[in-house]
Amino acid sequence: MSGAAGGWWRRKTTPAKVETYTRWSFHFFAVIEVAAIGLPAFAQAGAEVAGWLVGMVVAHAVLCALTASRALDWTRGRREQPVRLLWVLGAATCVFAVAALVLRRHGGASDDTENATATVFAMVLAFGAGTMALGVRSRRRVVAQTTGFAFGAAVLSLPLGVPGPEAVVTAFVVFLSGSFLAATSIFSVWLLNAVYELDEARETRARLAVAEERLRFGRDLHDVLGRNLAVIALKSELAVQLARRERPEAVDQMIEVQRIAQESQREVRDVVRGYREADLGAELAGARGVLTAAGVACEVTGDAAGLPAEVQSALGWVVREATTNVLRHGDAGRCTVRLRVREGCVVLTVENDGVVVRGSGGGGGSGLAGLRERLAVVDGMLEAGPVGTDGFRVVASVPLSGHTTVDTSVSGVTS
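Residues numbered from 1 in each chain as written. Predicted model: local features only at pLDDT ≥ 70, side-chain atom pairs only at ≥ 80, totals over all residues. Heavy atoms only, no water.

**Considerations on the pattern of salt bridges**
No. 1: The tally for this structure, following the rule as stated, stands at 10 salt bridges.
No. 2: In this structure, Arg 23 and Glu 19 form a salt bridge, with 2.9 Å as the shortest nitrogen-oxygen distance. With a gap of 4 residues between them, Arg 23 and Glu 19 both fall in helix H2 (residues 14-38), about one helical turn apart.
No. 3: For Arg 259, the salt bridge goes to Glu 256, with nearest N and O atoms at 2.5 Å. (Salt bridge = Lys/Arg side-chain N within 4 Å of Asp/Glu carboxyl O. Helix = DSSP H or I, 4+ residues; strand = E, 2+ residues; numbered from the N terminus.)

See the structure below:
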């Protein structure tokens, strides 16, 4: 059961983890309200008065937890602003506060009863003000709301027999406590929004990297085809003019057009082949740069020099796909890339401390399936899966038999 719960947590993205933590923190505030304010009333007041106080605190805590949950959904754009629920919470807070003062006046004259009812009165107002701050965006409204609860505490206390100095102290306590809880709520929402924005920025950066590569490919094709097509058009036009004049040079021009067209086909194939074949050295350097820029500590060990071209191409795609998975699907703070030759086999290991969470792990993702197909061409194998409690590892191995002899300097360190 605990393993399933741990897997549920590890599969969440960083923003989802922060949101879950924030949401349950506000639910825990409800537990604190009951445990710190309601339950001590049994030790202070009589059983009847304590029962009423605890019942009011529990009802208020549940209403606060519900309001906090709906308000967080609103801040994330998943539902409309819970205006009615905010009004209900505000009204219930005032009713429970007045009821606490009524119980103080008619529940007995002991000091313990007065202390219990005064605590419930002040803290119910403070928790209500702090929770309602989640449902508004304007900071001025939050300040006005907290100040209003504090002022209302003083106004409600005096007609129900609370001495003036005590009413002022109570209002001050409500203001300080409510302001602290309101500031905590505002900061929690700001932090949650910041985490989501950072995650969106990381995904945008990954998409921009893909778009930049496509633009580079488009520029290469334009450079190759633009000049040759212009020459083909000119020579074809010249051949037409010569043919109309029944000049034999028209045949020579068309032969030249044919040669240029064949050369263009070859150059396009070279461009596409270069695009499809990944250079392992460039991919290792690129992985280090991209991951470092994304805030992931990256260590690269090994050198691709001397490896056969087809092996470099296959392993380069492994580095590219593994790096993409770390950026898009994981929650990594560290990534290690190791390239080494042992027993006639070159082994590439990419390991990070963030479990892949969206379909890239376990061998079921289309990206890993494509890597296995590429490695199969050079008789290679791919293993991928979780490591420990919070890691993910991709291991690609390619035998060197049947390929060009490599330089054993590949085992050097280039991090």
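**Some thoughts on the packing of aromatic side chains**
No. 1: Within this structure, the stated rule accounts for 2 aromatic pairs.
No. 2: Seen from their ring centres, Phe 26 and Phe 29 are 5.6 Å apart, and the 90 degrees between their planes marks the pair as edge-to-face. Residue Phe 26 and its partner Phe 29 are located together in helix H2, separated by 3 residues, close to a single helical turn.
No. 3: Judged by its relative accessible area of 24%, Phe 29 falls in the partly exposed class. (Phe/Tyr/Trp six-rings, centres within 6.5 Å; stacked < 30°, edge-to-face > 60°. Buried < 20%, exposed > 50% of the residue type's maximum accessible area, 1.4 Å probe, protein only.)

**Considering unusual backbone geometry**
No. 1: Positive phi values are uncommon outside glycine, yet Glu 246 reaches one of about 55 degrees.
No. 2: Following the sequence through the fold, Glu 246 ends up in the loop between helix H8 (164-244) and helix H9 (249-276).
No. 3: Residue Asp 379 is not a glycine yet carries a positive backbone phi of 60 degrees.
No. 4: Structurally, Asp 379 is set in the loop between helix H12 (366-377) and strand S4 (381-387).

**Overview of the confidence of the model for the protein**
No. 1: Residues of the protein with pLDDT of at least 70 account for 85%, and the chain-wide mean is 80.
No. 2: Put simply, helix H1 (residues 2-10) is where the protein has its lowest mean pLDDT, 60, and strand S3 (residues 345-352) is where it has its highest, 91.
No. 3: Contacts for the low-pLDDT stretch residues 357-365, under 50 throughout, to residues beyond four places or in other chains number 22 contacts.
No. 4: A low-confidence stretch, residues 405-415 stays under pLDDT 50, and its non-local contacts, those more than four residues away or across chains, total 28 contacts. (pLDDT = per-residue confidence, 0-100. Contact = heavy atoms within 4.5 Å.)

**A few points about the nonpolar core**
No. 1: With 42 residues, the main nonpolar core has Leu 53, Val 120, Phe 121, Leu 125 and Val 174 as its most contacted residues.
No. 2: If you list the elements that add at least two residues to this core, you get H2, helix H4 (47-75), helix H5 (83-106), helix H6 (111-132), helix H7 (139-157) and H8.
No. 3: Sorting elements by how many residues they give to this core places H6 first, with 11 residues.
No. 4: Dropping the residues within four chain positions of it, Leu 53 is found in contact with Ala 41, Ala 100, Leu 103, Ala 116, Thr 117 and Val 120.
No. 5: Counting residues in hydrophobic clusters, the runner-up holds 36 residues, among them Val 346, Leu 371, Leu 382 and Leu 400. (Core = buried A, V, L, I, M, F, W, Y, C linked by side-chain atoms within 4.5 Å.)

**Comments concerning the side chain of Gln 145**
No. 1: Tracing the sequence through the fold places Gln 145 in helix H7.
No. 2: A relative accessible area of 16% places Gln 145 in the buried class.

**What about the sheet that holds strand S2 (residues 334-342)?**
No. 1: Sheet architecture is open: 5 strands sit in the order S1-S2-S3-S5-S4, paired in mixed fashion. Looking at which strands have only one partner, the edges of the open sheet turn out to be strand S1 (297-301) and S4. Each adjacent strand pair in this sheet contributes to an overall mean axis angle of 10 degrees, direction not counted.
No. 2: Alignment of S1 against S2, held across 5 bridges, turns out to be parallel. Considered in S2, the bridge of Ala 297 is made with Arg 334. (Pairing = 2+ DSSP bridges. Axes fitted to C-alpha atoms, helices over the stretch in contact; angles between N-to-C directions.)

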